[in-house]
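Topology and contacts: notes
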Amino acid sequence: MRQTFKLLPELFGDGGMTEIFSADRTVLAWLRTEAALARAQAESGVISEADAQAIAAACVPGNIDLARLWSEAVNVGYPILPLVRMISAALPDGPNGRVHYGATTQDIMDTGLALQMGEALDHLAALLASFGDALARLVAAHAGTVIAARTHAQQAVPTTFGAKMAVLLAETARQRERVRAATRQVRVVSLFGAGGTSAAMGERSSAVREGLAGRLGLRTTEVPWHVARDGVAEFGVACASLAATAARFAREVVDLSRTEVGEVREAGGHHRGASSTMPQKANPIGCEAVIGMSGTAGALSSGLFRAMEAGHERAAGEWQVEWYVVPLLAELSAGALATAAEVAAGLRIYPEVMRANLGAEGGLIMAEAYMMRLAPALGRERAHDLVYKAAHEAREHGRELADALRDVAGPDDLASLGTLPIPPESYIGDAEAICAAALDAWRNDR
């Protein structure tokens, strides 16, 4: 088959996820479903044990001509009819008439998809663990490394680099639970026949469905989900959300590695992030890829909500949205997590630059600290106005905030201030405790 070349996943995609949703693995999931169906039907007395064994033995990739499968699928609209015909052609009379017995195309494709989505989420969980472990190492190593907290892209108060990463680590821990929840939702068998009533299977339908689920490691259900696509949408949301968490980390690195900031940098290497014309460039290309994959994943995930609009007992076009969106979403999410983990593991930290940047505006970053030192004696509002006046004076005339405060404060106010200036490391609040809490939560939830 000819396929569109996709540069972003080609450069930064994850090979493991690409394999899970490859054509070969997709067909294998269908074959596994057909084989397990025959065995479950034999166990319930729908077909004979001999027929089930023969069918299961025939459900192997060697009996499937992929070129012919895709060619005939274009004509039919779906690939299961030609797949079943190829399996049947490999069987003698008798068992060849028992393949796909009582099932419908979407039963096989949805059960195969459940297998792939479950495997994909297991893989995403492993990638998420690698990313979280890399973040945890940054949190532990830099719990006390003082840096400017920034609100609205402006310096606010001191914090620590570890505390910044701890917020991300806690988010990553929450994502781990979301992956578990999504995994529970998607690992569900589908076997309800043409109109979702299991009429073709008769009174043994529930037992067959349970047997099929057990053989494939899926949950059973007594309610069809041919047009109820909320579980698939939940898979997509999980993928897009994971990519977004990776992108938040990547955006932080991009912003902190700006030339004028220079507090962190991606790991270097010969020509890594190089420019074809500017020899000095070392662009944050890993982070750029993460942000690009996340943005695409977020946009793609909305398509799965359109797929949820499917009407009656079978979709008329909405289902096909999933065929394109689900594999690409999984690939983008995996690529974003794997690349973010790589960036985090090799991230270069420059504490001396962080420290220097704290003084970028003459100590204005300590304004709240001065206000809170004055507040017990003056009240918060009066203290705020006094420090605001000093901050304006310092900014307008390029002065140190502590010096400007000495000029605008009265003798009693100065007595309340105590020793000036206040060092940034004395005003980091619970930053180190935040790091410890995030680390405990991550390490204790395995």
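- As annotated in an unreviewed UniProt entry, the chain carries the name Adenylosuccinate lyase and is attributed to Nonomuraea rosea.
- Here is the UniProt Sequence similarities (unreviewed entry) comment for the chain, exactly as written: "Belongs to the class-II fumarase/aspartase family."

1. Regarding the overall build of the chain
- Check the secondary structure of the chain and you find 18 helices and four strands.
- Here the C-alpha atoms of the chain give a radius of gyration of 30 Å, more than 25% beyond the 22 Å that 2.2 N^0.38 yields for 446 residues.
- Along the first, second and third principal axes, the C-alpha atoms of the chain reach 105 × 50 × 35 Å.
- Here the chain holds 446 residues, and the buried ones make up 49% of them.
- For the chain, the proportion of contacts with a sequence separation of at least 24, taken over those separated by at least 6, is 76%.
- On the chain, roughly 20600 Å² of surface is accessible, and the fraction owed to carbon and sulfur atoms is 52%.
- Here the chain contributes 41 positively and 52 negatively charged side chains, and the mean placements of these two sets differ by 1 Å.

2. Quick look at the nonpolar core
- The biggest cluster of nonpolar side chains holds 101 residues, and the ones touching the most others in it are Phe21, Leu124, Phe161, Phe235, Phe249 and Tyr370.
- With 14 residues, the top contributor of residues to this core is helix α10 (residues 230–256).
- Counting residues in hydrophobic clusters, the runner-up holds 42 residues, among them Ala58, Leu83, Val208 and Trp319.

3. Some points on the pairing of strand β2 (residues 154–160)
- Summarising the sheet, strand β1 (residues 146–151) and β2 pair through five bridges and their orientation is antiparallel. In the strand pairing of β2, Arg150 is matched with Gln155.
- What sits between β1 and β2 in their antiparallel hairpin is a turn of two residues, with His152 showing a positive phi close to 55 degrees.

4. Concerning the packing of aromatic side chains
- Throughout the structure, instances matching the rule amount to five aromatic pairs.
- Relative to Trp70, the ring of Trp30 lies with its centre 6.3 Å away and its plane at 75 degrees, an arrangement referred to as edge-to-face. Placement of the pair is Trp30 in helix α3 (residues 23–43) and Trp70 in helix α5 (residues 66–76), with a sequence separation of 40 residues. As far as burial versus exposure is concerned, Trp30 and Trp70 are alike and both buried.
- Judged by centre distance (5.6 Å) and plane angle (65 degrees), the rings of Phe131 and Phe249 are edge-to-face. With Phe131 in helix α7 (residues 105–141) and Phe249 in helix α10, this pair connects stretches of sequence that are 118 residues apart.

5. Regarding the packing of α10 against helix α12 (residues 318–346)
- Taken N-terminus to C-terminus, the directions of α10 and α12 make an angle of 25 degrees; their axes are 9 Å apart at the nearest point. Classed by the angle they form, the pair α10 and α12 counts as roughly parallel. Judged by the twist between their axes, the crossing of α10 over α12 is left-handed. Note on element contacts: α12 touches α10 through Glu322, Val326, Leu329, Ala330, Ser333, Ala336, Leu337, Ala340, Val343 and Ala344, opposite Val232, Phe235, Gly236, Cys239, Leu242, Ala243, Ala246 and Phe249.

6. Brief notes about the UniProt feature "domain: Adenylosuccinate lyase C-terminal" (unreviewed entry) in the chain
- Within this numbering scheme, the UniProt entry marks residues 362–439 as carrying the feature "domain: Adenylosuccinate lyase C-terminal" (unreviewed entry).
- The span residues 362–439 is 69% helical and 0% strand by assignment, and the distance between its end C-alpha atoms comes to 34 Å.

7. Examining the layout of surface pockets
- One number sums up the size of the largest pocket: a volume of about 1300 Å³.
- Along the wall of the largest pocket there are 37 residues; nearest its centre are Gln3, Phe21, Ala23, Trp323 and Pro327.
- Counting only elements with at least two residues in the lining of the largest pocket, the list comes to α1 (7–12), α2 (15–20), α3, α5, α7 and α12.
- It is α12 that provides the largest number of residues to the lining of the largest pocket, a total of nine residues.

8. A word on the pattern of salt bridges
- Across all of its chains, the model carries 26 salt bridges by this definition.
- Between Asp413 and Arg382 there is a salt bridge; the shortest N-O distance is 3.8 Å. With Asp413 in helix α17 (residues 411–417) and Arg382 in helix α15 (residues 380–397), this residue pair connects regions lying 31 residues apart in the sequence.
- Its relative accessible area of 8% is what places Asp413 among the buried residues.

9. Details of the packing of α7 against α12
- Taken N-terminus to C-terminus, the directions of α7 and α12 make an angle of 15 degrees; their axes are 8 Å apart at the nearest point. Considering their axes alone, α7 and α12 lie roughly parallel with respect to each other. Crossing angle aside, the handedness with which α7 passes α12 is left-handed.
- The class makeup of the residues in the contact of α7 with α12 is 20 nonpolar, four polar and three charged.

10. As for α12
- Counted at 1.5 Å a residue, the expected span for α12 with its 29 residues is 42 Å, and the 43 Å between its end C-alpha atoms agrees.
- Val325 marks where α12 bends most, by close to 30 degrees; the proline Pro327 follows one to four residues later.

11. A short note on α15
- Along its 18 residues, α15 runs 26 Å from first to last C-alpha, staying within 8% of the 26 Å computed at 1.5 Å per residue.
- When we look at burial in α15, the residues that qualify are Ala383, Leu386, Val387, Ala390, Ala391 and Ala394. Angularly, the buried residues of α15 cover 135 degrees about the axis, an arc narrow enough to put them on a single face. Of the residues in α15, the exposed ones pointing more than 90 degrees away from the buried face are Arg382, Tyr388, Lys389, Arg395 and Glu396.
- Where α15 terminates, the next one or two residues include Gly398, which has phi positive at roughly 65 degrees.

12. Examining unusual backbone geometry
- A cis amide bond links Leu420 with the next residue in sequence, Pro421, at an omega value of -10 degrees.
- Although it is not a glycine, His100 sits at a positive phi angle of roughly 65 degrees.
- Looking at the secondary structure, you find His100 in the loop between α6 (80–89) and α7.
- Assessed through its relative accessible area of 17%, His100 is described here as buried.
- Of note, Ala153 is a non-glycine position whose phi angle comes to about 70 degrees, a positive value.
- Tracing the backbone through its elements, the reader meets Ala153 in the loop between β1 and β2.
- Looking at Ala153, the relative accessible area reads 67%, which means it is exposed.

What counts and how
- Residues numbered from 1 in each chain as written.
- Predicted model: local features only at pLDDT ≥ 70, side-chain atom pairs only at ≥ 80, totals over all residues.
- Heavy atoms only, no water.
- UniProt positions renumbered as here; feature names shortened; annotations may be inferred.
- Helix = DSSP H or I, 4+ residues; strand = E, 2+ residues; numbered from the N terminus.
- Rg over C-alpha atoms; globule rule 2.2 N^0.38 Å.
- Buried < 20%, exposed > 50% of the residue type's maximum accessible area, 1.4 Å probe, protein only.
- Contact = heavy atoms within 4.5 Å.
- Areas by Shrake-Rupley, 256 points an atom, 1.4 Å probe, with all protein chains shown as cover.
- Lys, Arg positive; Asp, Glu negative; His and termini not counted.
- Charge placed at Lys NZ, Arg CZ, Asp CG, Glu CD.
- Core = buried A, V, L, I, M, F, W, Y, C linked by side-chain atoms within 4.5 Å.
- Pairing = 2+ DSSP bridges.
- Phe/Tyr/Trp six-rings, centres within 6.5 Å; stacked < 30°, edge-to-face > 60°.
- Axes fitted to C-alpha atoms, helices over the stretch in contact; angles between N-to-C directions.
- Parallel < 35°, antiparallel > 145°, perpendicular 65-115°, else oblique.
- Left-handed = near helix turned anticlockwise from the far one by under 90°.
- 1 Å grid on protein atoms, 1.4 Å probe; cavity = no way out; pocket = protein on both sides within 12 Å on 5 of 7 lines; lining within 4 Å.
- Points joined across faces, edges and corners; volume = space filled by probe spheres on them.
- Salt bridge = Lys/Arg side-chain N within 4 Å of Asp/Glu carboxyl O.
- Nonpolar A, V, L, I, M, F, W, Y, C, P; charged D, E, K, R; others polar.
- Expected span 1.5 Å × (residues − 1).
- Bend = angle between axes of the 7 residues up to and from the residue.
- Arc of directions from axis to C-beta.

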